[in-house]
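Structural description and commentary
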Amino acid sequence: MPSSHDWINKPLGVVEAMFAQSNSNPEWEAKVLEYFKGQLKEKESHSWVPSLNDVPLHYLKPNSLVKFRCLVQDMFDPEFYMGVYETVDPSTKANVLRCGKYKDVTECGVDLNSRNTVTAERQTFYCVPIPGESPWAKEISFLSAARVVPSTSYVPSRQKRSYEEDDDDMDTQPQKQREPHTETPQIQPHGNGDSKRQETEAPSSQTTTPSDCSSHLDLNFPLPGERGPACLVKVYEGLDSFKLNDTLEIYGILSVNPVLTVLGEENMETPEEQRAHDPPASLVPRLHMLYARPLQHNNPLLPSAPTEDQSAFVSSFLVEMASVRAELLAYLTHVLLGDGLAAEYLLLHLISDVYTRRDVLPLGKFTLNLSGCPLNSYTERLYQIVQQLVPCSYRLSMSLHTMNSMRLVPKKDYVANRLVSGALQLARNTSLFLDETQLEQGQLDSSGVRNITALGNLISWQKVDYDFSYHQMEFPCNINVLVTSEGRSLLPSDCQVPLQPQVTPPNMEEYLTTIHMAQFTSQINKFRVYLSLARTLDYSISDEVTKAVEDDFVDMRKDDPQSVTAEDLHRMLVVARLLSLSLGQTTLSRDGWMRAKHIDMLRRSRTEQQKSLNGNEP
Amino acid sequence: MSSPTSTPGRRKRNRDDIPATPKSTVSPPSQRRRGQDSSNGDLPAMPTSPATDIASPAVHDTSLFSSPKAPSHHLNALREVDMSSPLMYGTPSSRVEGTPRSGVGGTPARQRPDLGSIRKAPQVDLHSEPPSADGAVASEQALGQKLVIWGTDVNVGTCKEKFQRFLQRFIDPTSNEDENAGLDLNEPLYMQKLEEISVVGEPVLNVNCSHVQSFDADLYRQLISYPQEVIPTFDMAVNELFFERFPDSILEHQIQVRPYNALKTRNMRSLNPEDIDQMITISGMVIRTSQLIPEMQEAFFQCQVCAFSTRVEVDRGRIAEPAVCRNCNTTHSLALIHNRSAFSDKQMIKVQESPDDMPAGQTPHTTIVYAHNDLVDKVQPGDRINITGIYRAVPMRENPRQSNVKSVYKTHIDVIHFRKTDEKRLHGLDEDSDQKLFTEERVQILKELASKPDVYDRLSSALAPSIYEHEDIKKGILLQLFGGTRKDFSQTGRGNFRAEVNILLCGDPGTSKSQLLQYVFNLVPRGQYTSGKGSSAVGLTAYVMKDPETKQLVLQTGALVLSDNGICCIDEFDKMSDSTRSVLHEVMEQQTLSIAKAGIICQLNARTSVLAAANPVESQWNPKKTTIENIQLPHTLLSRFDLIFLMLDPQDEAYDRRLAHHLVALYYQSEEQIEEEFLDMAVLKDYIAYARTYINPRLNEEASQALIEAYVDMRKIGSGRGMVSAYPRQLESLIRLAEAHAKVRFSDKVETIDVEEAKRLQREALKQSATDPRTGFVDISILTTGMSATARKRKEEVAQALKKMIQSKGKTPAMKYQQLFDDLRGQSEAAITKDMFEEALRALADEDYLTVTGKTVRLL
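Residues numbered from 1 in each chain as written. Chains lettered and ligands numbered in written order. Predicted model: local features only at pLDDT ≥ 70, side-chain atom pairs only at ≥ 80, totals over all residues. Heavy atoms only, no water.

**Notes on the overall build of chain B**
- Scanning chain B from terminus to terminus reveals 32 helices and 28 strands.
- Looking at the 860 residues of chain B, the share that counts as buried comes to 54%.
- The contacts in chain B between residues at least 6 apart in sequence include a share of 69% that link residues at least 24 apart.
- Accessible surface, chain B as shown: approximately 37800 Å² in total, 51% of it carbon and sulfur. (Helix = DSSP H or I, 4+ residues; strand = E, 2+ residues; numbered from the N terminus. Buried < 20%, exposed > 50% of the residue type's maximum accessible area, 1.4 Å probe, protein only. Contact = heavy atoms within 4.5 Å. Areas by Shrake-Rupley, 256 points an atom, 1.4 Å probe, with all protein chains shown as cover.)

**A short note on the overall build of chain A**
- Looking only at helices and strands, chain A features 19 helices and 17 strands.
- A buried classification covers 58% of the 618 residues belonging to chain A.
- Considering only contacts in chain A between residues 6 or more positions apart, those separated by 24 or more positions represent 79%.
- If you sum the accessible surface of chain A, you get close to 25500 Å²; carbon and sulfur atoms cover 52% of it.

**Things to note about the sheet that holds strand S19 (residues 567-571) of chain B**
Residues and elements named next belong to chain B.
- Reading across the sheet, the 5 strands line up as S16-S19-S22-S15-S23 and stay open at both edges, with parallel pairing between neighbours. This sheet does not close on itself; its edge strands, each paired only once, are strand S16 (527-531) and strand S23 (643-647). This sheet shows a mean twist of 15 degrees between the axes of neighbouring strands, independent of strand direction.
- Of the strand pairs in this sheet, S19 and strand S22 (residues 609-614) are connected by 4 bridges, and their pairing is parallel. Of the residues in S22, the one forming a bridge with Ile570 is Ala612. (Pairing = 2+ DSSP bridges. Axes fitted to C-alpha atoms, helices over the stretch in contact; angles between N-to-C directions.)

**A closer look at the pairing of strand S28 (residues 856-859) of chain B**
Residues and elements named next belong to chain B.
- The pairing of strand S26 (residues 814-816) with S28 spans 3 bridges and is classified as antiparallel. Along S28, the bridge assignment pairs Ala814 with Arg858.
- Bridging between strand S27 (residues 850-853) and S28 involves 4 bridges; their strand directions are antiparallel. Considered in S28, the bridge of Val852 is made with Val857.
- Connecting S27 to the antiparallel partner S28 that follows it, the hairpin turn spans 2 residues, and Gly854 within it adopts a positive phi of roughly 60 degrees.

**Brief notes about the packing of helix H2 (residues 11-22) of chain A against helix H3 (residues 28-41) of chain A**
Residues and elements named next belong to chain A.
- Running from N to C, H2 and H3 cross one another at 145 degrees; their axes reach a closest spacing of 9 Å. Crossing geometry of H2 relative to H3 is assigned as right-handed. Where H2 approaches H3, its residues Pro11, Val14, Val15, Met18, Phe19 and Ser22 are matched on the opposing element by Trp28, Lys31, Val32, Tyr35 and Phe36.
- Classifying every residue of the contact of H2 with H3 by side-chain character gives 9 nonpolar, 1 polar and 1 charged. (Left-handed = near helix turned anticlockwise from the far one by under 90°. Nonpolar A, V, L, I, M, F, W, Y, C, P; charged D, E, K, R; others polar.)

**So, the sheet that holds strand S13 (residues 430-435) of chain A**
Residues and elements named next belong to chain A.
- The parallel open sheet is built from 5 strands, whose spatial order is S10-S13-S16-S9-S17. With one partner strand each, in any of the chains shown, strand S10 (393-397) and strand S17 (495-498) form the two edges of the open sheet. Strand-to-strand twist in this sheet, taken as the mean axis angle between neighbours without regard to direction, amounts to 20 degrees.
- Taken together, the 4 bridges between strand S9 (residues 368-371) and S17 define a ladder with parallel strand orientation.

**Section: the confidence of the model for chain A**
Residues and elements named next belong to chain A.
- Looking at chain A, the pLDDT average stands at 77 and 81% of residues meet or exceed 70.
- A low-confidence stretch, residues 155-215 (pLDDT under 50), is modelled with 75 contacts involving residues beyond four sequence positions or located in other chains.
- The low-confidence segment residues 613-618 (pLDDT under 50) makes 3 contacts with residues lying over four places distant or belonging to another chain. (pLDDT = per-residue confidence, 0-100.)

**A few points about the packing of aromatic side chains**
- One pass over the structure, following the stated rule, counts 23 aromatic pairs over all chains.
- Look at Tyr331 of chain A and Phe527 of chain A: their rings are 5.6 Å apart centre to centre, the planes differ by 25 degrees, and that puts the pair in the stacked class. With Tyr331 of chain A in helix H10 (residues 308-335) and Phe527 of chain A in helix H16 (residues 521-536), this pair connects stretches of sequence that are 196 residues apart. Per residue, the accessibility class of Tyr331 of chain A equals that of Phe527 of chain A, and both read buried.
- These aromatic residues form a ring-pair network of at least three members: Phe163, Phe166, Phe170, Tyr190, Phe215 and Phe234 of chain B. (Phe/Tyr/Trp six-rings, centres within 6.5 Å; stacked < 30°, edge-to-face > 60°.)

**A few points about the environment of Glu187 of chain B**
Residues and elements named next belong to chain B.
- Note that Glu187 resides in the loop between helix H8 (156-169) and helix H9 (189-200).
- Along the chain, Glu187 and Gln603 lie 416 residues apart, while their C-alpha atoms are 36 Å from each other.
- For Glu187, the residues in contact, after removing those within four places along its chain, are Phe170, Ile171 and Gln192.

As structure tokens, then:
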């Protein structure tokens, strides 16, 4: 541990010192950024910075450096602030130049008429914790952060019941009423006794000041039942490089000055707008960004920065990739009631990723429709297992009521001037688990139809049309959609696999729990690393194999032109890609292609079989 | 805040000739100016020659924001300075001649809250050393030198003179703005406008900044940089000129100049701190308007003790309540009398940047705009507008109770001029609403591209590169994107000729039709994408809705109207209900939409190209059937499509190989390779936008001859076999396609090569869609009447054969249906299907020869 943590505890001091040295030479701003970037580059130094995700806000020192793993949920209008201003000391009448960057409030005695004032521009992003982050991901990052928290007095204790938790418990009742969809992940514990209880920031209802009681503050999380701090991030540099729904790890200066809330000016904004843009700092802290790192993934088990240790990590893991794959496949086969083919496809689905787009066509998406799922909460169990494997996931139970009432597509609220989030505002590579077995007969109303259309668009084009009331705006996304259904899904999909259970356990719950319990945490962790890593590998096809694929396609068409279409080739190419990557191979081999063709044949024969079985398929 | 010009100006006048202006003394309280009261109040106390005092306010005015900052104790001094300044409406001449109701002096000046106040703006000598903190002095000896308004380089006298010269001389013979309709373009434009003002009595003069720029670039620069000083000067200049020319006209208030179209047009995103206090024009969409806000301009106080009254003007949004009555020296005896205070109207408007201006993946920005006085309630939420105004940033107010303040400025725009951009779309031509400005370099790149001989092929291959082959279809869509030349024949009674090309794609499912549609929808700025399955007639056209807030009936436009001047992509065209489809008839030929519902009767423009995709009824295309039979669409609708393409799975080996190669390449080629290979989508977008805006090709002599020949040839093909193989509609679409092709080449003339390509494309499309599957000939009547000529002929033959057979049977009034069918089958050489038999029966029934009831056929 370094002796001086000044740059973490008092980053503003560093900034001010640099400003003072600069003699208003504008280069100082770049120097500040470089300094912090350099500090953070040092080994492990980023783990010294406390994380807003893990440490409750009231344990964090104001004006200290903190980090926040988040999703950009909304981008507010740019604002002008006093970059440099002059203060007049009332006693000595001496003018002092001061720096207003990375601060919300000025020092006292601002000379508003000073000619040395420099106006600068910054933008505010509304950031929320990554939606649907799996409990295990939160917990692991929490533990790693807990190892070194030098700048706070907070010592996370997992066993002791602190008084906050008591408060939390008392508060669960109103919270449940407020959010009827609350889906607290009730994972059967695997080791740590009270893992499900996340020690996050106190729920909003508790912290709101009495004046706010009448109108509850909505923190605008994309998914219902989410908790955690939302944050207003002030961004100074590179505004154009950030996009909505980016996942970032932001290092910045925490500002919770209570003055912010008191300083309400009488202006033209509606109360709604004011509440959305200037929420109490105790609830939505401000973060002045010094450095932001775009996150490729939020798996805490993987080194996140593309550094040397990452490539070392990757190459070391590549060796055991095949064995891990076999174990994972066996595990998934058990979970899918002994259906090996479905397990294979599920594995491919879990590592799929939209790796590029050609004009409107997203390449690499692999939506899986698992049909023929047994009823009675099997799908729910299946989701819990998926959730244990991927860092981000969400289960959307497609019951008639949810489809009619839930807001999937984000919508601009012009009164509050903010983007009201919807369940489809998700981070990249989130696993969206659509449970169609919950759908019953009945009528969809217009919002239900819109929701279904939005899901269809998401699957076909990997985009969501956000509702801006006067027009729509298209936001590309990268979401892995898994549809479980009884028959064929009503939603489009890239590939449908009818489940053929080999075993019929008398007690499904017990069966699945036993499978789950049989896995060691270390084993599960390996799976988690495997899934995240396979996705990031590069991939190419050699000319030779290209030729082989072409020949193969022509041959297949020769026999029966109806049997293989361009669509099929599209799918087989994706399957071949995923299959190679799942084995840790970065180029397509002939064998890989043959295998892809083989399992696709198996799958197709299965669907055809089912088609003739049902007889009523279109 | 009070009008910058009125306060000092009127004060001066009042003092000089209060007796001569009876109007001002009897004017209602709201119009009274503080000058009247204060003239007997504080005036005597004022220093008379305060030139040396100027320096002190100057020190305070050096901040970035030139909004009023001068502390009030300096005001007295400033007023004296202003008296000698030309910054007053009451110029010496008008003051002398001023009869109460005529001339500048008689017409009340209207406050301009949109400009803020320039009361504090003193003039300084340009040649004296620049003012510094220690107080440079613009002393009296400088009076002979060039005076400029403090903080600017504006000299009021020259500025005024220049503007008057501009008004008197500016001529724009090429003007095509609709506002100038009815004006003689070879006469000074703005003098005619002044005349209009004198007739109409609306004291507002809109001035196009680009005119000012072309007339005097320096004046324009000053206008942009110092609007709050220059515009009052313009006001002054125009009023002098006006009342000189029309001394008898009576206006409600003095003329206000409203500049618009500042070339510093920016989108909202590019506004930055440097634009503060400058005049800008931005475009955007109104998303919210506030209620009317009465803003106090001047407070009226009355002493409760001695009834002495005084007025206090708003200073930086605050009213300083006088603590002591000057008359009776009682402290805290003054009370605000609301009814006698002066208020002005104000409205807050939220504007959001238009979706076209935004980079992908970000959310639109919004800006607050304040409209004042008669600009209030000029716009509604949903309007697309261009706003010209002054960009402001207001620092947080100092709160005496707090030691530190939020370091954020509130920004807004004080609007000077609104211009609705979508209003004109309802009235027709809108070339200038698409004010997409191309930079010189961009135009150069585009022209370079256009000069390449293979530009047509390049562009078509750049279109949807992920979709394999279908070259002709892509070419067709490319021509659709460019469109024909818009022609107006309304004088000859024909109305507008359709310039838009409509295309129908039909073919097997899974042949990437939807993908092509999605691509086009993403490419064009005003594209709409709907699916036939999910859209209703109202969704396509327009519907009337009751606004939940105002209870007003509002016309909500549907996809077709929204894609006016764009492309409406309709997927699953065949799944559309008949009633919905019938709406398209009007749109696809007349290009309008008539609506009559809920008391709203109107005709909207829907000059949209339709790009539709349809699947065959039997899910697989049946090559043995005609297009109509395959997709089951009414021929009336089909004939409105210029090009109908089949997208079929060709099922031959070479094609398969190329397809496979293309797809595999798609999956592993790197980003750079792709970019090298194909034109950037952005270039394509700009290319199309440029051609659509600037290129209007006309037919040249040769081309028209070629077209005539082509048409005659097409008619000839059929006439030999007793078929009509071409209709005028085909000729029209041929012209459109030729024009579009000329646009692709950036050519102003339609030449023979354009006609050749149009002919080729049309022939290709016809070959695909209008080939009679029985004979193998192209038969246009398949598309125009829904039945090929041979089919019609055969139908007649069968009917005749049946008739003959029945007649040969002699007198049998009733026959069994099945037996008759069998007999006919036995008799005929060709195979007779049940359909054909039924058709023949129907034909005979139409002739009143027989009737069919259930299973029996009776003769009549």
